[in-house]
Amino acid sequence: MALYSKQVLAFLVIIGVVLPSVTLATEFIVGDASGWTTNFDYKAWARSKVFTVGDKLVFKYPVGKHNVFKVNDTAFHHCIIPPANEAFTSGNDTITLLTPGKKRYICGVGKHCARFGMKLLVKVVLPRHH
Ligand SMILES: *[C@@H]1O[C@H](CO)[C@@H](O)[C@H](O)[C@H]1NC(C)=O
Ligand SMILES: *[C@@H]1O[C@H](CO)[C@@H](O)[C@H](O)[C@H]1NC(C)=O
Ligand SMILES: [Cu+2]
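Residues numbered from 1 in each chain as written. Chains lettered and ligands numbered in written order. Predicted model: local features only at pLDDT ≥ 70, side-chain atom pairs only at ≥ 80, totals over all residues. Heavy atoms only, no water.

Visitor: Help me understand the state of the cysteines, please; the structure alone is not making it clear to me.
Guide: Working definition: the covalent bond between the sulfur atoms of two cysteines is a disulfide. Per the stated rule, a full pass over the model turns up 1 disulfide. Across a sulfur-sulfur distance of 2.0 Å, C79 and C113 are joined as a disulfide pair. Measuring handedness by torsion sign, the sulfur bridge of C79 and C113 sits at about -70° and is left-handed. On the criterion of sequence distance, the pair formed by C79 in the loop between α3 (73-78) and β5 (92-96) and C113 in the loop between β6 (101-106) and β7 (119-125) is long-range, its members being 34 residues apart. For the pair shown, C79 and C113 are each scored as buried. (Disulfide = S-S within 2.5 Å. Helix = DSSP H or I, 4+ residues; strand = E, 2+ residues; numbered from the N terminus. Buried < 20%, exposed > 50% of the residue type's maximum accessible area, 1.4 Å probe, protein only.)

Visitor: Before we go on, may I ask you to explain the nonpolar core in this structure?
Guide: The nonpolar side chains of soluble globular proteins are, as a tendency, buried together. Core analysis: the biggest nonpolar cluster contains 19 residues, and W36, F51, L57, F59, Y105, L120 and V122 have the highest contact counts within it. Elements that contribute at least two residues to this core include exactly α2 (42-47), β3 (56-60) and β7. Apart from residues no more than four positions distant in its own chain, L57 is found in contact with F28, V30, F51, D93, T94, I95, L97, Y105, L120 and V122. Ranked by size, the runner-up nonpolar core spans 7 residues in total, among them F69, V71, A75 and C79. (Core = buried A, V, L, I, M, F, W, Y, C linked by side-chain atoms within 4.5 Å. Contact = heavy atoms within 4.5 Å.)

Visitor: Explain the sheet that holds β3 here, please?
Guide: Hydrogen bonds along the backbone pair up the strands of a sheet, which may run parallel or antiparallel. In space, the 3 strands of this open sheet follow the order β1-β3-β5, with mixed pairing throughout. Taken across any chain shown, the strands that pair with only one partner, and hence form the sheet edges, are β1 (27-29) and β5. Sheet twist, expressed as the mean angle between neighbouring strand axes with direction ignored, is 20°. Judged from the 5 bridges that link them, β3 and β5 form a sheet pairing that is antiparallel. Considered in β5, the bridge of L57 is made with I95. (Pairing = 2+ DSSP bridges. Axes fitted to C-alpha atoms, helices over the stretch in contact; angles between N-to-C directions.)

Visitor: Looking at this structure, how should I read the pattern of salt bridges?
Guide: Any two side chains of opposite charge can pair if their charged atoms end up close together. Per the stated rule, a full pass over the model turns up 1 salt bridge. Where R104 meets D73, a salt bridge forms, and the shortest distance between an N and an O atom there is 3.4 Å. Taken together, the residues span a long stretch of sequence, with R104 in strand β6 and D73 in helix α3 at a distance of 31 residues. You can call R104 buried: its relative accessible area is 13%. (Salt bridge = Lys/Arg side-chain N within 4 Å of Asp/Glu carboxyl O.)

Visitor: Is there a simple way to think about the site of ligand 1 in this case?
Guide: The environment of ligand 1 is made up of N72, A75, I80 and P82. Between N72 and ligand 1, the recorded distance is 2.5 Å, taken from a side-chain N or O atom to an oxygen atom. Protein chains shield 38% of the accessible area of ligand 1, which is 360 Å² for the free molecule. A per-class count over the shell around ligand 1 returns 3 nonpolar, 1 polar and no charged. (Near = heavy atom within 4 Å. Polar contact = N/O pair within 3.5 Å; in protein donor to acceptor, adjacent residues only side chain to side chain. Areas by Shrake-Rupley, 256 points an atom, 1.4 Å probe, with all protein chains shown as cover. Nonpolar A, V, L, I, M, F, W, Y, C, P; charged D, E, K, R; others polar.)

Visitor: How do you make sense of the sheet that holds strand β2 (residues 51-52) when you look at a structure like this?
Guide: In space, the 4 strands of this open sheet follow the order β2-β7-β6-β4, with mixed pairing throughout. One side of each edge strand has no neighbouring strand; the edge strands of this open sheet are β2 and β4 (69-71). Relative to β7, β6 runs antiparallel, the two being bridged by 6 bridges. Bridging from a neighbouring strand, G101 pairs with V124 of β7.

Visitor: Sorry, what's going on with the coordination of the copper ion (ligand 3) here?
Guide: Geometrically, a metal with four donors at the corners of a regular tetrahedron has ideal angles of 109.5 degrees, and one with six donors at the corners of a regular octahedron has ideal angles of 90 or 180 degrees. Coordination of the copper ion (ligand 3) by the protein comes from H66 (ND1), C107 (SG), H112 (ND1) and M118 (SD), over a distance range of 2.1 to 2.6 Å. Around the copper ion (ligand 3), the 4 donor atoms sit at angles spanning 86 to 134°, and that spread fits a shape best called tetrahedral. Linear spacing of the donor residues for the copper ion (ligand 3) on their chain is H-x40-C-x4-H-x5-M. Residues H112 and M118 agree in their burial class; the two are buried. (Donors = N, O, S within 2.8 Å, 3.2 Å for Na, K, Ca; no water. Tetrahedral: all angles 85-135°; square planar, octahedral: opposite > 155°, others 65-115°.)

Keep in mind that these numbers describe shape and distance, not what the molecule does.
Next up, the structure:
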C-alpha cells in the first residue's frame, strides 16, 4: 500500500472511530425544563431517548425539596427508600452512566416516589461505534 493511501486510511479511521465516541456523549437534564419534580411523567420522558454508556443524567431541583437515590428493582417498584447517606442532595446531581443495563432512580422525600411519580428508569446501551 502506498504511503498516501495509508495516511488516508489512518485519517478515515480517526474520523470513523475516535470522533463519534468523543462527540456523542450526551448530558440529559432529567425532566428537561421541568427538572426533577412531582407529577411529571418520567416514563414518557425516558421513552423517546437512547441512553448510552458515557452519557450523563443531571437531576435538577431546589436543594432540600427533593433528592435522588439509585435503587434496585425491588426498591424501585415498591418505593423503598435506602439509607439517607446514599442520597444525592446537591440539587444538580450529575450521574455518569458507566455500564449498560437498567438504572433506576427515585426521590426519597415524603411520598414523592409512591404517590407523585418521582421515579425514573433508564435502559443504558453500549455505544454503537467502538
Ligand atoms: C434493594 O434495595 C433496598 C433498599 O435499599 C434494600 O433494602 C434491599 O435489600 C435491596 N435488595 C436487594 C436484592 O439488593
Ligand atoms: C450542574 O452540573 C453540570 C454537569 O456537571 C454542570 O455543567 C453545571 O455547571 C452545573 N450547574 C450548576 C448551576 O451548578
Ligand atoms: Cu421529591
